[in-house]
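Given next are the chains, with one letter for each unit.
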Number of protein chains: 2
Amino acid sequence: MPQLNATGPDSPSDAVLAARLALSATATGGEAMSDVEFFAWLDERRPQHHQEVRRTSFAKLSGWQFDAETGDLAHRSGRFFSVRGLRVRTDFGPVAEWSQPIIRQPEIGILGLAVREINGVLHCLMQAKAEPGNVNGVQLSPTVQATKSNYTRVHGGSAVPYLECFREPWQRGHRVLADVLQSEQGSWFFCKRNRNMVVEVGPEVEAREDFCWLTLRQLHALLRYENLVNMDSRTVLSCLPDWQHGPGPSPALHSDVAIRNWITTQQSEREVATELVPLREIESEGWHVGEDRIAHERGLYFSIVPVDVSSGRREVASWSQPLLEPHGLGVVAMLVRVIDGVPHCLMHARVEPGYLDVIELGPTVQCTPENYAHLPASARPRFLDLVERARPERILFDTVLSEEGGRFLDAQSRYLIVAADDDGLDDIPADYQWMTLRQLGELLKYSHYVNVQARTLVVALRSVPELTPQLPDVRETVTVAAATDEGAARADRR
Amino acid sequence: MPQLNATGPDSPSDAVLAARLALSATATGGEAMSDVEFFAWLDERRPQHHQEVRRTSFAKLSGWQFDAETGDLAHRSGRFFSVRGLRVRTDFGPVAEWSQPIIRQPEIGILGLAVREINGVLHCLMQAKAEPGNVNGVQLSPTVQATKSNYTRVHGGSAVPYLECFREPWQRGHRVLADVLQSEQGSWFFCKRNRNMVVEVGPEVEAREDFCWLTLRQLHALLRYENLVNMDSRTVLSCLPDWQHGPGPSPALHSDVAIRNWITTQQSEREVATELVPLREIESEGWHVGEDRIAHERGLYFSIVPVDVSSGRREVASWSQPLLEPHGLGVVAMLVRVIDGVPHCLMHARVEPGYLDVIELGPTVQCTPENYAHLPASARPRFLDLVERARPERILFDTVLSEEGGRFLDAQSRYLIVAADDDGLDDIPADYQWMTLRQLGELLKYSHYVNVQARTLVVALRSVPELTPQLPDVRETVTVAAATDEGAARADRR
């Protein structure tokens, strides 16, 4: 007869894990690499990863071609991704109907983060990785960042390091801390989702070249550097179990069921109809396929551009691919209000055409201001003025970060957390709602509730000292409960 | 400054609600209507709802037509639903590639259940409702069962009774107990989802003609009658908060994160590509559009048939519509194993082409045995033999129930719960997993994890005395905590 273990809310196993994560987020001793050593290491890695990225024309794009019938841009192998047309009708936002190119990548990739205890403190295994679309070459990626094409070796490259930690982890004695499919940019991708996975490994896993172990405290500090912690790292870190809220009930403006009721109301009442169509069909609808770009006739939104990449270090030494180049710097901001000592985020139920199920929760503001220049003032994104005019002492986080450099060229957004004044925020529009970080952490266990931009801000929110609850001394909890926990971890290895 | 309330795991509010639901599931006094009175009432309602359902030909189908270009069958108004073609490629199941007709109904309907305290016990407001596809005319539906076309009155019928309870419930002083989008049959519907909503109302809401108040104990007893509690009632009841598991950690074979890891693994590793195509295209692929049916060349699976309905009592007096008529009686069965006193269900990660995100969790067995007759023995559904050969004392639930009579004609399945022997069940295939009812209840708070057939069995599982945990006397808890709870309910009315 197999043995049962306690699980669910407030299980001892979850409590110990929370204490260990809290320790990693605060400990200032025992790091595998000091902050100074990290930057020295990164400076040393950069030149090793130099990539030559050159704009080219579609005609010269090796391996990629426009389909003779549909006009879709795809790889000859049928793998990787394709650029297709999308037609959208919606009752949300200033424009009711439009067409656009969109990236279709039905495969599910793995964004995997290995964590391991070193000197009694949990560390994350981070990778110095170059991507062709990165504005600055190398950024910090999670341990594994692999599409199915990568790890089934469609392009005949070398094996993905550490992939084995994320395949059959229990059987290897590892422990899964998080594993959930999450969407990515719904304006640029059609129904894209990646697997966000955090796995705790043992001392047998060591950092190879290009990899380093960093604590959560270090990663939180690095998040304040421009374009350093990449999008994949941010999304997978956001899926870590919430360690900041202890067991038992937790205060919030709205109950959890009221939050779910609000989400379902937003899903049910919005109508958005999307249809993938041949790229050729949208050419008459504002988009132009040129020799070296697919672009909007007014130069708005984004372009699709072909590039050649050469590198001595990636899975393959050189390749070509299209990239989506957004026009203008994005603004992604969360208004936060501390109510009775509890920080609440103002979440927005966003419709994006590429979402699987109509809406996901985005941050308070998410836009590229330039795209609104041609629209009437009434179409200006709500709360944008409030964010742009916030007094400096109200700004708790303000860093320019990049979106995924494997698909997007120079895609940068300014990510902000702004402490809201109490004035004028009681009467918010129906598609906005105040939620606590604990409530966001709960939703992040499940797929397709919190969008990729909000996920970056969840990581940032957990790193802001002003918003972090006072926790008891966690070292003691960790020691006392370690034995209990070991039992729980063992049980899942079947 | 607004007031915060305790929410999340083990909140006093949730604990009181659980005690009140437990009371409703066990109380044998205080019912608004005795069991005898209920059947007398139902017998009286039946003749009032007589519907004449006559098979007709597509040519005579009023309001519906085949599109000249695509061959799709749709209503002239563009509302309700349409019958389109679907092309599927998958690595799951005995057939890797097929085409089929499928119902496309992008609108999100409401399945709403009003509950109210009568004589200190929670009662559900049930409706005696006829549907044209019902094998026996009237079944018990939830309070509201309305498509968007219904409640926006596309067909010019009368207003949907009680709809107002589910629109802006907090503002009316009602309390939402559950609200979540859930999928329906993924073999017959393409990305169909309905809103499953339970709302607690006050004494101002009374039962009109055709409606009656029943306790959970009564509904559980009625679930054992053939074709009585309809599919919509079953799915919405399954979304009620789990009242059988107290606060704090709960024992289970696998931790909650291990369960999520297993689900994500199944989602990531299966490949299923679907494409809606014109119905005309699949005519050359095994399906035939005839004068009075769309049917498979071998007579398998299902047909689409046109019917005329006349009724003096529905929103409109008479109408025509197509219905999907499955061939053969379905078998839907859950193997249950009590481990260390805790019942575990053997869930199956099912691929169905109409699911939004590749897989959902189905029961151990879900099939129409006749559809496998032409396939080799190796293709026979796993565990079907075990279910069919179960000794009578092992069968904890066994009732023939209907699927939704508004879309399906005479669609019946035999729903079973079978207590498994311990032999041969330790080494289960990778796409099966043992989960507790508490774990299923947790997943049911979120969309698209538990399929519609499994949801029926969740209700049945909660009704089986052999599987119900011993609960403390709940009447006391209810009284003591009622005051606390009132505060929490108030807070969400903003």
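Just above, that's the structure.
Remember, predicted model here, so these are calculated numbers, not experimental data.

## Looking at the overall build of chain A
And step 1. Counting its secondary structure elements, chain A contains 10 helices and 27 strands.
And step 2. What you see for chain A is a C-alpha radius of gyration of 23 Å, in line with the 23 Å of a compact globule of 494 residues.
And step 3. C-alpha extents for chain A along the principal axes are approximately 65 × 55 × 50 Å.
And step 4. Of all 494 residues assigned to chain A, the portion counted as buried reaches 63%.
And step 5. In chain A, of all internal contacts separated by at least 6 residues, the share reaching a separation of at least 24 is 74%.
And step 6. Of the roughly 18,500 Å² of accessible surface on chain A, a fraction of 48% belongs to carbon and sulfur atoms.
And step 7. Looking at charge distribution, chain A has the averaged site of its 50 positive side-chain charges lying 4 Å from that of its 66 negative ones.

## Regarding the packing of aromatic side chains
Any two aromatic rings considered together are summarised by their centre-to-centre distance and by the angle between their planes.
And step 1. In the structure shown here, the tally under the stated rule is 27 aromatic pairs over all chains.
And step 2. Summarising the aromatic geometry, the rings of Tyr162 of chain A and Phe211 of chain A are spaced 4.7 Å apart at their centres and angled 70 degrees between planes, so their arrangement reads as edge-to-face. In this pair, Tyr162 of chain A sits in the loop between helix H3 (148–151) and strand E11 (175–183) while Phe211 of chain A sits in strand E14 (residues 211–215), placing the two residues 49 residues apart along the sequence.
And step 3. Assessed through its relative accessible area of 4%, Tyr162 of chain A is described here as buried.
And step 4. Ring pairing ties together the aromatic residues Phe38, Phe39, Trp41 and Tyr225 of chain A, which thus form one cluster.
And step 5. The side chain of Arg208 of chain A reaches across the aromatic face of Tyr162 of chain A, ending 4.9 Å from its centre.
And step 6. We note Arg260 of chain B situated over the ring of Tyr446 of chain A; from NZ or CZ to the ring centre the distance is 5.9 Å.

## Topic: the pairing of strand E13 (residues 193–200) of chain B
All names here are of chain B.
And step 1. Of all eight residues making up E13, eight are buried, and the element is well covered by its neighbours.
And step 2. Covered by surrounding structure in E13 are Arg193, Arg195, Met197 and Val199 together with Asn194, Asn196, Val198 and Glu200, the residues of both alternating faces.
And step 3. Strand direction decides the pairing type here: strand E7 (residues 109–118) and E13, joined by seven bridges, are parallel. Counterpart to Val115 in the pairing with E13 is Glu200.
And step 4. Where strand E11 (residues 175–183) lies against E13, eight bridges are found, and the strand directions are antiparallel. Note on E13: the bridge partner recorded for Val176 is Val199.

## Overview of the side chain of Ser141 of chain A
And step 1. Checked against the element boundaries, Ser141 of chain A lands in strand E9 (residues 138–141).
And step 2. Residues within four places of Ser141 of chain A in sequence aside, it is in contact with Met126, Gln127, Lys129, Asn230 and Ser233 of chain A.

## Focus: the environment of Leu163 of chain B
Residues and elements named next belong to chain B.
And step 1. With respect to the secondary-structure elements, Leu163 resides in the loop between helix H3 (148–151) and E11.
And step 2. Look at Leu163 and you get buried, because its relative accessible area is 11%.
And step 3. In sequence terms Leu163 and Arg394 are 231 residues apart; their C-alpha atoms lie 42 Å from each other.
And step 4. Not counting chain neighbours up to four residues away, the residues in contact with Leu163 comprise Ile110, Val144 and Tyr151.

## A short note on empty space enclosed by the protein
And step 1. Considering all chains together, one arrives at six cavities of 30 Å³ or more under this definition.
And step 2. Size it by volume and the largest cavity reaches roughly 140 Å³.
And step 3. In terms of lining residues, the largest cavity is bounded by Gln267, Leu356, Asp357, Ser447, His448 and Tyr449 of chain A together with Gln267, Asp357, Ser447, His448 and Tyr449 of chain B.
And step 4. Per-class residue counts for the lining of the largest cavity are three nonpolar, six polar and two charged.
And step 5. The space that makes up the second largest cavity amounts to roughly 50 Å³.
And step 6. Taken together, Arg260, Ile263, Thr264, Gln267 and Tyr449 of chain A together with Asp179, Val180, Leu181, Lys445, Tyr446 and Ser447 of chain B make up the lining of the second largest cavity.
And step 7. Put simply, the parts of the chain that give the lining of the second largest cavity at least two residues each are helix H6 (256–269) of chain A together with E11 of chain B.

## Details of the pairing of E14 of chain A
Residue and element names in this part refer to chain A.
And step 1. Counting buried positions over the five residues of E14 gives five, a clear majority of the element.
And step 2. Strand direction decides the pairing type here: strand E8 (residues 121–130) and E14, joined by five bridges, are antiparallel. What sits directly across from His123, in E14, is Thr215.

## Concerning the nonpolar core
And step 1. One finds Phe38 and Ile417 of chain A together with Phe38 and Ile417 of chain B to be the most contacted residues of the largest nonpolar core, which totals 142 residues.
And step 2. Sequence-distant contacts of Ile417 of chain A, that is, excluding residues within four places in its chain, are made with Met334, Val336, Arg394, Ile395, Leu396, Phe397, Leu457, Ala460, Leu461, Val464 and Leu467 of chain A.

## As for the interface of chain A and chain B
And step 1. Listed per partner, the contact involves 71 residues of chain A and 70 residues of chain B.
And step 2. At the boundary of chain A with chain B, total buried surface from both sides reaches about 5,900 Å², with 50% on carbon and sulfur atoms.
And step 3. Taken together, the links from chain A to chain B amount to five salt bridges.
And step 4. The salt bridge partner of Lys148 of chain B is Glu271 of chain A, with a shortest N-O separation of 3.5 Å.
And step 5. Top contributing element to the side of chain A that touches chain B by residue count: H6 of chain A, with 10 residues.
And step 6. Alignment of strand E1 (residues 5–7) of chain A against strand E15 (residues 250–252) of chain B, held across three bridges, turns out to be antiparallel.

## Topic: the pattern of salt bridges
Residues and elements named next belong to chain A.
And step 1. One pass over the full model with this rule turns up 59 salt bridges over all chains.
And step 2. A salt bridge links Arg234 to Glu403; its shortest N-O distance comes to 3.8 Å. Of this pair, Arg234 sits in helix H5 (residues 231–238) while Glu403 sits in the loop between strand E25 (395–402) and strand E26 (412–419), and the two are 169 residues apart along the sequence.
And step 3. Classification of Glu403 as buried rests on a relative accessible area of 5%.
And step 4. Counted as one network, the salt bridges with shared partners bring together Glu44, Arg45, Glu209 and Asp210.

## Quick word on the relation of the copies chain A and chain B
And step 1. For the pair chain A and chain B, the best superposition has an RMSD of 0.0 Å and corresponds to a rotation of 180 degrees with a translation of 0.0 Å parallel to the axis. The symmetry that links the two subunits is that of a two-fold axis. Among all residues of chain A, the minimum C-alpha distance to the rotation axis is found for Pro9 of chain A, at 2.9 Å.

## Details of unusual backbone geometry
All names here are of chain B.
And step 1. For Asp210, which is not a glycine, the phi torsion comes out positive at approximately 80 degrees.
And step 2. Following the sequence through the fold, Asp210 ends up in the loop between E13 and strand E14 (211–215).
And step 3. A relative accessible area of 9% means that Asp210 is categorised as buried.
And step 4. Backbone geometry places Asp340, a non-glycine residue, at a positive phi of 50 degrees.

## Observations regarding H5 of chain A
All names here are of chain A.
And step 1. Most of H5 sits out of view: eight of its eight residues are buried.
And step 2. Along H5, the positions that sit buried rather than exposed are Met231, Asp232, Ser233, Arg234, Thr235, Val236, Leu237 and Ser238.
And step 3. You can read the cap of H5 off the contacts: a side-chain oxygen lies 3.2 Å from the backbone nitrogen of Asp232, and it is on Asn230.

## Focus on the packing of helix H5 (residues 231–238) of chain B against helix H9 (residues 452–463) of chain B
Residue and element names in this part refer to chain B.
And step 1. One can describe the packing of H5 onto H9 by two numbers: an axis separation of 8 Å at closest approach and a directional angle of 70 degrees. In terms of axis orientation, H5 runs roughly perpendicular to H9. At the point where H5 passes H9, the crossing takes the left-handed sense. Residues Met231, Arg234, Thr235, Leu237 and Ser238 of H5 form the contact with H9, whose own contacting residues are Val452, Arg455, Thr456, Val458, Val459 and Arg462.

## Description of the environment of Phe81 of chain B
Residue and element names in this part refer to chain B.
And step 1. One can find Phe81 in the loop between strand E4 (73–75) and strand E5 (82–90).
And step 2. For Phe81, a relative accessible area of 5% corresponds to the buried category.
And step 3. When the C-alpha positions of Phe81 and Glu107 are compared, they lie 8.4 Å apart, and in sequence the two are 26 residues distant.
And step 4. Dropping the residues within four chain positions of it, Phe81 is found in contact with Trp64, Leu73, Ala74, His75, Ile103, Arg104, Gln105, Gln321, Pro322 and Arg407.

Basis of the calculations
Residue positions are given per chain, counting from 1 as you read along its sequence in written order. Numbering of ligands from 1 and lettering of chains from A proceed in the order in which they are written. Thresholds applied to this predicted model are a pLDDT of at least 70 for local features of residues and 80 or more for the giving and counting of side-chain atom pairs; totals over whole chains, interfaces and linings are not thresholded and use all residues. Derived side-chain values reflect all non-hydrogen atoms in the structure, with water molecules and hydrogen atoms excluded from consideration. For the purposes of this entry, the term helix denotes a DSSP run of H or I that reaches at least four residues, the term strand denotes a run of E that reaches at least two, and both are numbered from the N terminus. Radius of gyration means the value over C-alpha atoms here, while the globule rule gives 2.2 Å times the residue count to the 0.38 power. Only protein chains enter the accessibility calculation, which uses a 1.4 Å probe; a residue is then buried when its area is under 20% of its type maximum, exposed when over 50%, and partly exposed in between. Here a residue-residue contact requires only that any non-hydrogen atoms of the pair lie within 4.5 Å. Accessible surface is estimated by sampling points in the Shrake-Rupley manner with a 1.4 Å probe; for residues, cover comes only from the protein chains shown. By the counting scheme adopted, Arg and Lys are positive, Glu and Asp are negative, and His together with the chain ends is not counted. Each charge is placed at NZ for Lys, CZ for Arg, CG for Asp and CD for Glu. A pair of aromatic rings is counted whenever rings of Phe, Tyr or Trp (Trp by its six-membered ring) have centres within 6.5 Å, and the orientation is called stacked for planes under 30 degrees apart, edge-to-face for over 60 and tilted otherwise. Look at NZ for Lys and CZ for Arg. If either is within 6 Å of the ring centre and within 35 degrees of the ring normal, a charge sits over the ring. Any two strands with at least two DSSP-identified bridges between them are counted as paired. A pocket here means an open set of points on a 1 Å grid, computed over the protein atoms alone, that has protein on both sides within 12 Å along at least five of seven lines. A cavity is instead a set of points where a 1.4 Å probe fits but cannot get out; residues with an atom within 4 Å of a point line either one. Grid points are joined across faces, edges and corners, and a volume is the space filled by probe spheres set on the points. Gly falls in the polar group here, along with every residue not listed as nonpolar (Ala, Val, Leu, Ile, Met, Phe, Trp, Tyr, Cys, Pro) or charged (Asp, Glu, Lys, Arg). To form a nonpolar core, buried Ala, Val, Leu, Ile, Met, Phe, Trp, Tyr and Cys residues must be joined to one another through side-chain atoms within 4.5 Å. Buried area adds together the accessible area that both of two parts lose upon being put together, with accessible area traced by a 1.4 Å probe. The salt bridge definition used is simple: a Lys or Arg side-chain nitrogen within 4 Å of an Asp or Glu carboxyl oxygen. Least-squares fitting of one copy onto the other uses the C-alpha atoms of those residues that reach a pLDDT of at least 70 in both copies. The definition of a polar contact used here is a pair of N or O atoms within 3.5 Å, where within protein one atom must be able to donate a hydrogen and the other to accept one, and adjacent residues in sequence count solely through side-chain atom pairs. Here an angle of 0 to 180 degrees is reported between the N-to-C directions of two axes, which are lines fitted to C-alpha atoms, with helices fitted over the stretch in contact. Reported orientations rely on four angle classes, namely roughly parallel under 35 degrees, roughly antiparallel over 145, roughly perpendicular from 65 to 115, and oblique for the rest. Throughout, a crossing is termed right-handed when the near helix is turned clockwise from the far one, and left-handed when it is turned anticlockwise from it by less than a right angle.

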